[in-house]
Amino acid sequence: MSIVFQGDAARGRIWQDIFAEAEPDLSFHHWPDVGDPEAVTYIVGWKPIPDLAARFPALKVMFSSGAGVDQFAPHMIPDSVSLVRMIEPGIAATMAEYVTLATLLLHRNFKAYANQQAEGRWEQIRVYPATARTVGVMGLGNLGQAALTQLGHLGFKLRGWNRSPRALDGVECFTGPAELGSFLSGCDILICMLPLTDETRGILSASLFVQLPQGAGLINVGRGAHLVEPDLLAALESGQVTSAVLDVTDVEPLPPGHPFWTHPGITLTPHIASMTQPETAARVLLDNIRRHRDGETMIGLVDLGRGY
Ligand code: NDP
C-alpha cells in the first residue's frame, strides 16, 4: 500500500514526516515518483491525473489537497475510486481571516482611500458602524459558517443563503432560488463562498447585481467562474456595485492587460484567501485513511453527481 503526494514539495516533506511516524507501513511518494503504480492506494493532490484507472489499478481514494473539487470532472474519477475534499481547521481559520479583512476593507472604504492616496487627495467619507451594515454569505458550508462567526463578533448584521435549509444563531437564513431575491435585497456586502457547480457557474451576474441594494460591495472567494466578469465591470460603472474584492478570477493568473488589474473599484489577490495548513491537514488525512480502512464514511466525501 502506498500514498502518492502531488503538489508543493515543502508541504509534501511535512506530510511525509508526519506519515512516517503515524503510518510507517504506508510508503509515501512525491509525484512524479510513484513507486510501484500497482501498489498506489491513495493519491493526495490538486491537479487531475489522466487515466487514473489504467495507471493505478489499486487506487481507492483521490484526496483533494484543497477544499474545492471543481477541477475534477466526474468522468476523471473511476467508479472504484472515492473523491474526498479537504476539510481541515487551517483552511477555515485562514478563510475567516480573509473574509473579515475584505469585509472591513469594503465597510471602511479602503479602496477609495488607496485611490485617493495615489492621487494625493485627502477626503473623508462618512463612517458607519458595523451594526449599520448587513453582510450576506452565499454558501453556508464549512467556510461560510466560519466566516459568519468572525463577522458576527464585529457586530455586522448577518444573512446567509444556502441550497438546503440552515438555522444558524444570529444569521437570517434564506434557502434556494425562491428566496435568493429576498436575501440579496438586504445585503450591503455580498460574499460568494459557493462551490463551483453547473448550478452556481455565472451566478454573480447582472441579474443578481440588480437585486442588491444600490452601491453594494462584493467579495468573491468561491471560484472565478462564479462571476460574469463583464457584468461586474458594468455594475461598477453604473454604481450598482461600488467596490469588489476578488481572490479568484476566471483565468488564473489574471492575464496581463485584463481590466481588473487597474480598475479603481477592484481589489485583487492571487487566490490566497485560504490555504491548506500542512500540519492540521495531515491529521485529517490520517483520520480519513483510518476511516477508509475501517469502512467508515470519510470526512469530505464528495457526491460526484452533486459536484461538491
Ligand atoms: P462546503 O461544501 O462545506 O459548503 C458549500 C455550501 O454551498 C453548502 O452549504 C451548500 O449547500 C452550498 N451550496 C452548494 N450549491 C448551492 C447552490 N446551488 N445554491 C445555494 N447553496 C449552494 O464547501 P466549503 O465551505 O468548504 O467551500 C466552499 C467553496 O469555497 C469551495 O468549493 C471553493 O470553491 C471555495 N474555496 C476557495 C478558496 C480560496 O482560497 N479562494 C479556498 C477554499 C475553498 P448544502 O448545505 O445544501 O450542501
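Here the structure is a predicted model, which is why all the values come from computation and not from measurement.

## Topic: the packing of aromatic side chains
Next up, step 1: Inspection of every chain in the model, using the stated rule, returns six aromatic pairs.
Next up, step 2: Arranged with centres 5.4 Å apart and planes meeting at 85°, the rings of Phe 5 and Trp 15 form a pair that is edge-to-face. With a gap of ten residues between them, Phe 5 in strand β1 (residues 2–5) and Trp 15 in helix α1 (residues 9–22) connect regions that are remote in the sequence.
Next up, step 3: Taking relative accessible area as the criterion, Trp 15 reaches 0% and is therefore assigned buried.
Next up, step 4: Aromatic side chains Phe 110 and Tyr 113 sit 6.5 Å apart centroid to centroid with 90° between the ring planes, which places their arrangement in the edge-to-face category. Within this pair, Phe 110 and its partner Tyr 113 are both found in helix α4 (residues 110–119), separated by three residues, close to a single helical turn.
Next up, step 5: A relative accessible area of 48% means that Phe 110 is categorised as partly exposed.
Next up, step 6: Since its relative accessible area comes to 28%, Tyr 113 is described here as partly exposed.
Next up, step 7: Taken together, the ring pairs in this structure connect Phe 5, Trp 15, Phe 19 and Phe 28 into an aromatic cluster.
Next up, step 8: When the ring centre of Tyr 308 is taken as reference, the NZ or CZ atom of Arg 306 above it lies at 3.9 Å.

## Quick word on the site of the ligand
Next up, step 1: Looking at the ligand, there are 29 residues lining it, with Arg 85, Asn 162, Ser 164, Arg 166 and Tyr 308 nearest.
Next up, step 2: With respect to the ligand, the side chain of Tyr 308 contributes an N or O atom lying 2.6 Å from an oxygen atom.
Next up, step 3: Burial of the ligand by the surrounding chains reaches 92%, relative to a free accessible area of 950 Å².
Next up, step 4: Elements with a minimum of two residues in the shell around the ligand: α5 (142–153) and β7 (157–162).
Next up, step 5: Split into classes, the residues belonging to the shell around the ligand amount to twelve nonpolar, ten polar and seven charged.

## A look at empty space enclosed by the protein
Next up, step 1: Following the criterion strictly, the structure yields one cavity of 30 Å³ or more and no others.
Next up, step 2: What the largest cavity holds in volume is close to 40 Å³.
Next up, step 3: In terms of lining residues, the largest cavity is bounded by Phe 63, Ser 64, Val 84, Arg 85, Met 86, Val 284, Leu 285 and Asn 288.
Next up, step 4: Within the residue set of the lining of the largest cavity, elements represented by two or more residues are β4 (61–64) and α9 (278–294).
Next up, step 5: It is α9 that provides the largest number of residues to the lining of the largest cavity, a total of three residues.

## Digging into the pairing of strand β2 (residues 27–30)
Next up, step 1: Sheet topology places β1 next to β2; four bridges connect them, and they run parallel. Paired with Ser 2 across the strands is Ser 27, a residue of β2.
Next up, step 2: Once the chain exits β1 it traverses α1 before rejoining the sheet at β2, and the crossover so formed is right-handed.

What counts, and at which threshold
- Residues numbered from 1 in each chain as written.
- Predicted model: local features only at pLDDT ≥ 70, side-chain atom pairs only at ≥ 80, totals over all residues.
- Heavy atoms only, no water.
- Phe/Tyr/Trp six-rings, centres within 6.5 Å; stacked < 30°, edge-to-face > 60°.
- Helix = DSSP H or I, 4+ residues; strand = E, 2+ residues; numbered from the N terminus.
- Buried < 20%, exposed > 50% of the residue type's maximum accessible area, 1.4 Å probe, protein only.
- Lys NZ or Arg CZ within 6 Å of the ring centre and 35° of its normal.
- Near = heavy atom within 4 Å.
- Polar contact = N/O pair within 3.5 Å; in protein donor to acceptor, adjacent residues only side chain to side chain.
- Areas by Shrake-Rupley, 256 points an atom, 1.4 Å probe, with all protein chains shown as cover.
- Nonpolar A, V, L, I, M, F, W, Y, C, P; charged D, E, K, R; others polar.
- 1 Å grid on protein atoms, 1.4 Å probe; cavity = no way out; pocket = protein on both sides within 12 Å on 5 of 7 lines; lining within 4 Å.
- Points joined across faces, edges and corners; volume = space filled by probe spheres on them.
- Pairing = 2+ DSSP bridges.
- Right-handed = clockwise from strand over helix to strand, strands pointing away.

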